[in-house]
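# Topology and contacts: notes
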Amino acid sequence: MKSRLLLSLFFTCISITGGHAYSQEWPKVPVKVLVPFDAGSTPDLAARVIGDRLASRLHQAFVVENRSGAAGNIGTDMVAKAEGDGRTIGVSIAGPLGVNALLFRKMPYDTSRDIGLVSIAVSQPSVLVVGSRLSTTDAKQLSALMRDKSKLSFASIGAGSISHLAMAALVAQAGGDAVHVPYRGSGGAVTALLSGEVDMALLPAAAVMPHVKAGKLRALAVASPSRSPSLPDLPTLAESGLPDIKGDAWIGFIVPAKTPAAIVDALRDQIVQVLAEPAVKDKLRMQYMDPVGNSPEEFRRLLAADVARWKHVVERNKITLD
């Protein structure tokens, strides 16, 4: 209740103060939610589920806008350069918030300086899947196949994506070899798997599990530290003899760095309350997303750990995006 009142008072106050302030009071002015990936992507799905409930709770429109490109940098940069007045928030993932700085020689923004971290909303397991060309039924068999120098290939949702880096790490730990084939988004990667164009991939569960349930792909393991609540029957890669691969993907809410701390705290409180709602949990679980709702400090620590983890993979494989 306190955080809801704080947000309402904030927007009412800035509507009165002129300049770049609102021309009308709080409930009438939309809040822009920038998603740096295409419509239908998992960040987009999370933004819409949570944004709809924020709108209902705060009696305010939350309008999702998709601004994809440059591996997520374009939309994330728009958040970084927006006015810190609460009218623009965003969602983003490890790539645009940290890993991309390892891949691009020049970034349009500095996360530590230009972006405020609010909360990681959800975590989604990445699933190791194989297509019909392979008869392997678990990750151990797949590792053995890679070590036999079979001509295997793997899809990703783009060069430098977590699906690329995690799979490269898996291939290296297995002591094998495989050819990377990047696609634009999970849709292209899944289509390639279904057609037999590539053999395997580590992709978000939401992208592959419908096809696994239909018998068109085979799921071998999840790239999470522990079994996912959304997929409790799938073993982890660690259980399969690959303990150092962590490829689960989180989606977090962000704001321009100059957004007042009181508004960041209030927004975070509202997000956490939304994530606790049974109906929201059910909608997210249907997309194989597990609610998180942590603090900005926990968000920052997790991001730093991800950047440190993928730095070694980027350097070892000489991966660059420009």
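Residues numbered from 1 in each chain as written. Predicted model: local features only at pLDDT ≥ 70, side-chain atom pairs only at ≥ 80, totals over all residues. Heavy atoms only, no water.

Named according to an unreviewed UniProt entry, the protein is Tripartite tricarboxylate transporter substrate binding protein originating from Comamonas brasiliensis. Database annotation for the protein, UniProt heading Sequence similarities (unreviewed entry): "Belongs to the UPF0065 (bug) family." (UniProt positions renumbered as here; feature names shortened; annotations may be inferred.)

Most of strand β4 (residues 115-124) is tucked away: 10 of the 10 residues are buried. Two elements, β4 and strand β10 (residues 249-256), share 8 bridges in a ladder whose sense is antiparallel. In the strand pairing of β10, Ser123 is matched with Trp250. The pairing of β4 with strand β11 (residues 290-291) spans 2 bridges and is classified as antiparallel. When the bridges of β11 are listed, Ser123 appears paired with Asp290. (Buried < 20%, exposed > 50% of the residue type's maximum accessible area, 1.4 Å probe, protein only. Helix = DSSP H or I, 4+ residues; strand = E, 2+ residues; numbered from the N terminus. Pairing = 2+ DSSP bridges.)

Moving on, we get to the side chain of Ser295. Among the structural elements, Ser295 can be located in the loop between β11 and α12 (296-317). Judged by its relative accessible area of 15%, Ser295 falls in the buried class. Not counting the four nearest positions on each side in its chain, Ser295 is found in contact with Val118 and Arg268. (Contact = heavy atoms within 4.5 Å.)

So, on to the pairing of strand β8 (residues 200-204). Remark: a regular strand shows side chains that alternate across the two faces of the sheet. Taken across its 5 residues, β8 has 5 buried, putting it largely inside the fold. With 5 bridges joining them, strand β5 (residues 126-130) and β8 adopt antiparallel strand pairing. Bridged to Ser126 within β8 is Pro204. Bridging between strand β6 (residues 153-156) and β8 involves 2 bridges; their strand directions are parallel. Bridge pairing in β8 links Phe154 to Met200.

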